[in-house]
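Fold and contact review
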Amino acid sequence: MRGIVKRFPGVLANDGVDFEAAEGEIHALLGENGAGKSTLANILIGLYRPDEGEISLYGRPTHFHSPRDALEARISMVHQHFRLVTPFSVAENVILGDHRGEGRRFIVNPRAIERRVAGLGERYGIAVDPRARVWQLSVGEQQRVEILKALYRDARILILDEPTAVLTPQEAEALFHTLRTMAAEGRTIVFISHKLKEVKAVADRVTVLRGGRSIASLPSAEATQRSLANLMVGREVEMQGRRERKPPEARSERLEIDALWVPSDRGGPAVKGISLCAGAGEIVAVAGVAGNGQRELAEAIAGMRTPAAGAVHVGGKALRAGDPRDAIEAGIAYVPEDRLGTGLAPSLSVASNVVLKSYRSAAVSRGPLLRLGSIRARAAELIQRYHVSGAVPSTPARGLSGGNLQKVVLGRELSGQPRVLIAASPTRGLDVGAIETVHAYLREAAGSGAAILLISEDLDEILALADRVAVIYEGALVGEVDGATADVEEVGLLMAGGTR
Amino acid sequence: MNNSIVVVVLASAVLYGTPLLYAALGELLAERSGVLNLGVEGMMLVGAVLGFWAVQRIGASTPLVLAGAIGVAALAGAAMALIHAFLVITLRANQIVSGLALTLFAGGAGLSSYLGNDLSLGDAPARHVFRDVNAFGLQKLPVAGPIVFGQSLLVYASWLSVIAVALYLSRTRPGLNVRAVGESPAAADAMGINVTAYRYAHTMVGGAFAGVGGATFSLSITPQWVDNLTSGAGWIAIALVIFAFWRPALCLVGAYFFGAFAALPFTLQARGVTVAPELFQSLPYVMTIVVLVLVSSRGARLRLGAPAALGTPYVREER
Amino acid sequence: MIRVERRLRRPRWLTVAVPVGSLALAFVTSAVVLVATGHAPLHTYRRLIDAGFLANGALSSSLTSATPLCFTGLGAAAAFRMQLFNIGGEGQLYFGAIGAAAAALLFAGQSTPVEIVVMCLAGAAAGAAWAAIPGLLRAFLHTNEIITSLMLNYVAALILNYLIFDSLSYWRDTSTAEAKVFPQGKTLPDAATWPTSTLHLGTAIVVPLGILLAAVLAAGLWTLYSRTRFGLEVQVIGDSPRAARYAGMRTRRKIVAVMCLSGAIAGLGGASQDGDFRHLLDPRGLSQAAYGYGGIVVAALARYNPFAVVLVAFLLGGLQNAGYALQGADFPSGLVGVMQGMILFCALGGELLVRYRIRFGRTARPVVTTA
């Protein structure tokens, strides 16, 4: 791929990217969130068309007009969000859209396909019951289905977009094994990631993207984690100093979670009897790989999800279960992982979003009527104070970039002088500058006495901010360590479900 | 025995259920591809009026004329569906409003009425109609005779259609693809299935079925043309698709069930029993609401509910 | 190459230019239909406009057609604003008419102001009650309100027919032998006839009380949705139900409230039908023009803006009235429906231009890179 340029409204996602991968190679595409990795991959599989640049396959220039062209050329991709039809069986998903071999026939023969899928699964160590419905499978198994789809089509090039984000370290190791088997057969594996460690572990070569440009391409054996980090970020990475901590004193517990059980969307329990406390001015991190019940825990505390059992207390008073308004009135601020859609109403103005929670208060409304002037003034003040760039009070929220969205959410949540702040993956998808800003605000909020529950899977972030670290695995807390003395290896092992 | 009330009601349930069945099969195909088309009534009426026009104006032997009329009705329905498809698939318009607009445009006070008046079709009865056939000479058979063997060709064709649609969806590759398009267009697109083409094709085939359903009225049930001939059958067909959980075989059962409600008041009246016809006429609607309520829980939706992407446009390059 | 991109900002001029352009395009495409069927489009249009707006008494008749469309249009707009697709305006209007007629009969002997108030209250309450069914089902059982409200239209129509044609109900006139053979509703007391005002603009234009009421309602609705806490909640729930829940809004209550509001407005339309025009419960008259569905068209064309609803209702009412006036051998009766449908198609297509930017070719425009 040479000189690839791709623009989206208001964003230049790829700005002259060069990328080259050889046969039988595991090639990592490394970059921060927003560096243009996924865009590049989507161009390679024909989902997006590049505005400029060209693609050559095995020496021949190629133009893809649709995903079908890329599939014909035997290129497959495992998307971050799986492209599976959940009510279908595994076998049906695998043959979907295929029109070679079994797939050429007009009449579908389920038995033959199921046999082939089962055979492929065994050969590559990724067996899944071909008759199972996809919605019944775990996330790891669903990923296997995606890989089976590629293998079924005999893909020469397989692209995986952040494949380990949803996996435990053990599952990730099994995945790496499968990928190595595939590469050994002469297939090209493009492995998209922002995790240095796994890039070092699995890739033969690494191409680094930054700000939509390709920065470097080198054999991974010649790179160190630090040199890759520098390339990825574009400057010397300061290993963030740990936060200064107040000496432990006799403190009053601000937030108490008592034997909380929370159901998941599918019905089973997602949070299994978690008890946890946080004192005023304390930052308690809940560390864990995504999908271990963190979202359900945060939503239960914020009142957005009704727990099956247990209680949440703020300042000794129990919250009414499943009532977000009660949580808000008790002083719980919540920075949700899904900023646009949950934290903010996308089509509404920044001004409306700034008063999303406080519109009931006397400062903003008089009886049933809104004070529009004072709402505008509040929004303008927040925009200025939190340096929200490119916005006026009337800008619709969806017109803002990720970092600015998060500033609006944080600004609103902190403006009410919260007693408790739940921050769920507050820096996911943000660039380095914005991450530092968010961290500074979180420290400031702790300094002014809020109890903070930081839900994150980013160990660097956790160790930089947390006073205490509780590790969540499969819906339960599996360990708690002191933030000042916590050891990365130890926390990582706990997050993976290992025992001390 | 064949004059017993049960047999008479069942035989006319098949008669009145047939247009519902055609229209519901068509709507089912469109909805399975993710396109909700509330314009069924309009498509049926245009099919009915143009099918009738063909019968009055084509000069040929009866079988040829009737085959031609069905073809014209199907084309007319498909053409109406094309408008909806263009608006909601290409221009991403709101599917509900567009479907209602189609009914307004084509329906009882729109194009069908305009064509009926402009072509002066209202004056005469149909010159050719689908007559009841005596299949295998079994029309006189007790009970099953009038119900199964004494119907018109349109009825037998509708049974074939049910089988064809059911096998198409469950056993064939395009059927698998269209279900994927309706459930998860993003997944289908990623696997190289042309979402737009599938949606256009199924919406238009759906319109063709609705057109034939309309022609069933003007060529068989009440072989003439009056404004608003279908009198709400299109809306019942939409209800029927939900009632049948988006399954063709259940559409057949449901169509005859609803057809019986349409037929019952007349049959009872003919026998001197007076029951308010509104009671039976409202049952299809009320029952559809009840079924909708029963299937609206999350668990039920996963197993037998609507195609997940129903009513939502698919846009690939948006972020 | 044509590319479609979501607009980050919507220019203000577009919100005017697009509807006007859609209207023009609809006339052009309808002309194609006319030419294809052997009619002269310009001549037909001139007759339409003449009969709808210019002829003697045309404006009065057009206001008569516009009044119910105003109510059902406002009702639809009220619900659609929250992405609540209440397409049951038709049935809610019937129920409003049933309720208002009952009130007028019950309060026979009272003065006109009392009659007007009780008819409005009863009409609004009956419309709201009918709309509450899909509202409650949606709020508490997650049942799709589109299909339920649609189905209830037919149930309401059948109830209406039953009351007059197939029963000896309170609403049915049973006073004479003739009335028993040709069923119709009881005539409402004289005091239940709503007063009209007359405007003298060259000719005398009769303005029904209903349309004034609708205009006041439009202003009220606009204030409610843009200036109040309730309006903010409706906007947030319509845009993102998750954000609404996150903000502690009582979504279920709002769903029921907005459905009832929407039904009450349509119900008022039914009351206005009784008081302004029909003076009895008249199933045929209420259902012949499909005011409920017309209201959805009006709301969609007005892009859910209450003031625009009144304007659009007037234009479409004029068109409808012209259709009635001209109906005859040389003027096919379905033409007005064809044109209304065409206008809506064009407006729906035009919506794309408001929401998305269409770019031709590969010409690159300067791109702002945002972090």
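What this report covers is the structure whose coordinates are included nearby. Throughout, a residue's number is its position along its own chain's written sequence, starting from 1. Each chain gets a letter, beginning with A, and each ligand a number, beginning with 1, in the order they are written. Reporting of local features is limited, given that this is a predicted model, to residues whose pLDDT is at least 70; pairs of side-chain atoms are given and counted only at 80 or more, and all residues count toward the totals for whole chains, interfaces and linings.

The subject of this paragraph is the overall build of chain C. By definition, any uninterrupted DSSP run of H or I lasting at least four residues is a helix, any uninterrupted run of E lasting at least two residues is a strand, and each is numbered from the N terminus. If you tally the helices and strands in chain C, you get 15 helices and four strands. Relative to the globule expectation of 21 Å for 371 residues, the C-alpha radius of gyration of chain C, 22 Å, shows essentially globular dimensions. Overall, the C-alpha framework of chain C stretches about 80 × 60 × 40 Å when taken along its three principal axes. A sequence separation of at least 24 residues applies to 76% of the contacts in chain C between residues at least 6 apart. Note that the radius of gyration is over C-alpha atoms, with the globule rule given as 2.2 Å times the number of residues to the power 0.38. Placing a C-beta atom from the backbone of each residue, one calls two residues in contact when those atoms lie within 7 Å.

Residues and elements named next belong to chain A. An order of S12-S11-S14-S15 is seen for the four strands of this open sheet, with the pairing classed as antiparallel. The open sheet has two edge strands, strand S12 (269–279) and strand S15 (317–318), and neither has a second partner. Here strand S11 (residues 253–263) runs beside strand S14 (residues 309–314); their pairing, made up of five bridges, is antiparallel. Directly across from Asp258, in S14, lies its bridge partner Ala311. Whether two strands pair depends on DSSP finding at least two bridges between them.

Let's shift gears to the packing of helix H3 (residues 62–90) of chain B against helix H10 (residues 195–221) of chain B. Residues and elements named next belong to chain B. Remark: H3 packs on H10, axes separated minimally by 6 Å, with the N-to-C direction vectors making an angle of 140°. Taken together, the axes of H3 and H10 lie oblique to each other. Here H3 and H10 pass one another in a crossing that is right-handed. Split by residue class, the contact of H3 with H10 holds 19 nonpolar, eight polar and one charged. Note on geometry: axes are C-alpha line fits, over the in-contact stretch for helices, and angles between N-to-C directions span 0 to 180 degrees. With respect to orientation, any angle under 35 degrees is reported as roughly parallel, any angle over 145 as roughly antiparallel, any angle of 65 to 115 as roughly perpendicular, and every other angle as oblique. Crossing handedness follows the turn of the near helix against the far one: under a right angle anticlockwise gives a left-handed crossing, and clockwise gives a right-handed one. In this classification, the charged set is Asp, Glu, Lys and Arg, the nonpolar set is Ala, Val, Leu, Ile, Met, Phe, Trp, Tyr, Cys and Pro, and all remaining amino acids, among them Gly, are polar.

Turning our attention to unusual backbone geometry. Residues and elements named next belong to chain A. Positive phi, normally seen in glycine, also occurs at Arg74, with a value near 60°. By secondary structure assignment, the location of Arg74 is in the loop between helix H2 (67–72) and strand S6 (75–78). Judged by C-beta crowding, with 16 C-beta atoms within 10 Å, Arg74 ranks as partly exposed. The phi dihedral of Ser425 is positive, around 35°, even though this residue is not glycine. Any residue with 12 or fewer other C-beta atoms within 10 Å of its own C-beta is exposed, any with 20 or more is buried, and the rest are partly exposed; the C-beta atoms used are placed from the backbone. Given 22 C-beta atoms within a 10 Å radius, Ser425 is considered buried.

The interface of chain B with chain C comprises 38 residues on the first partner and 41 residues on the second. Among the elements of the structure, H3, helix H4 (95–106), helix H5 (111–118), helix H11 (233–243) and helix H13 (277–295) of chain B are those that each provide at least two residues to the side of chain B that touches chain C. Among the elements that take part in the side of chain B that touches chain C, H13 of chain B stands out by supplying nine residues, more than any other. Across the side of chain B that touches chain C, the residue classes break down as 22 nonpolar, 12 polar and four charged.

Glancing now at the pairing of strand S10 (residues 213–219) of chain A. Residues and elements named next belong to chain A. Two elements, strand S9 (residues 205–210) and S10, share six bridges in a ladder whose sense is antiparallel. In the sheet register, Val206 faces S10, and the bridge partner there is Leu218. Here S9 hands over to S10 after two residues, with Gly211 in that stretch at a positive phi of 55°.

By definition, a nonpolar core groups buried Ala, Val, Leu, Ile, Met, Phe, Trp, Tyr and Cys residues that are joined through C-beta atoms within 7 Å. One finds Ile422, Ile452 and Leu454 of chain A, Ala24, Leu240 and Cys251 of chain B together with Val309 of chain C to be the most contacted residues of the largest nonpolar core, which totals 313 residues. No other element matches the 16 residues that H3 of chain B contributes to this core. Aside from chain neighbours lying at most four places away, what touches Ile452 of chain A is Ala278, Ile283, Val284, Leu421, Ala423, Leu442, Ala445 and Ala446 of chain A. By size, the runner-up hydrophobic cluster in this structure holds 77 residues, among which are Leu44, Phe82, Ile126 and Ala203 of chain A.

Next up on the list: H3 of chain B. Its 29 residues give H3 of chain B an end-to-end C-alpha distance of 40 Å, which sits within 8% of 42 Å, the value for a rise of 1.5 Å per residue. Two residues or fewer past H3 of chain B, Arg92 of chain B is found with a positive phi of approximately 55°. For a helix, the expected span equals 1.5 Å multiplied by the number of residues minus one.

With that out of the way, let us pick up the environment of Gly16 of chain A. Here Gly16 of chain A shows up in strand S2 (residues 11–17). Along the backbone, Gly16 of chain A and Lys6 of chain A are 10 residues apart, and their C-alpha atoms lie at a distance of 8.4 Å.

This next bit is on the sheet that holds strand S21 (residues 468–473) of chain A. Residue and element names in this part refer to chain A. Read across the sheet, six strands follow the order S16-S19-S20-S13-S21-S22 without closing on themselves; strand pairing throughout is mixed. Either end of the sheet is taken by a strand with one partner, and the two such strands are strand S16 (332–335) and strand S22 (476–482). Recorded for the sheet is a direction-independent mean angle of 20° between the axes of neighbouring strands. In this structure, strand S13 (residues 283–287) lies alongside S21, joined through four bridges in parallel fashion.

Residue and element names in this part refer to chain B. Between helix H2 (residues 40–57) and H3, whose axes approach to 8 Å, the crossing angle comes to 150°. Compared by their axis directions, H2 and H3 come out roughly antiparallel. Note on packing geometry: the crossing formed by H2 with H3 is right-handed. Contact with H2, carried on its side by Gly42, Met43, Val46, Gly47, Leu50, Gly51, Ala54 and Val55, involves Val65, Gly68, Ala69, Ile70, Val72, Ala73, Ala76, Gly77, Met80 and Ala81 of H3 and no other residues of that element. Considered class by class, the residues forming the contact of H2 with H3 number 13 nonpolar, five polar and no charged.

Residue and element names in this part refer to chain A. Side chains Ile75 and Met77 of S6 all project onto a buried face; the interleaved residues Ser76 and Val78 project onto the opposite face, where all are buried too. Relative to strand S7 (residues 157–161), S6 runs parallel, the two being bridged by four bridges. Looking across to S7, one finds that Ile75 is bridged to Ile157.

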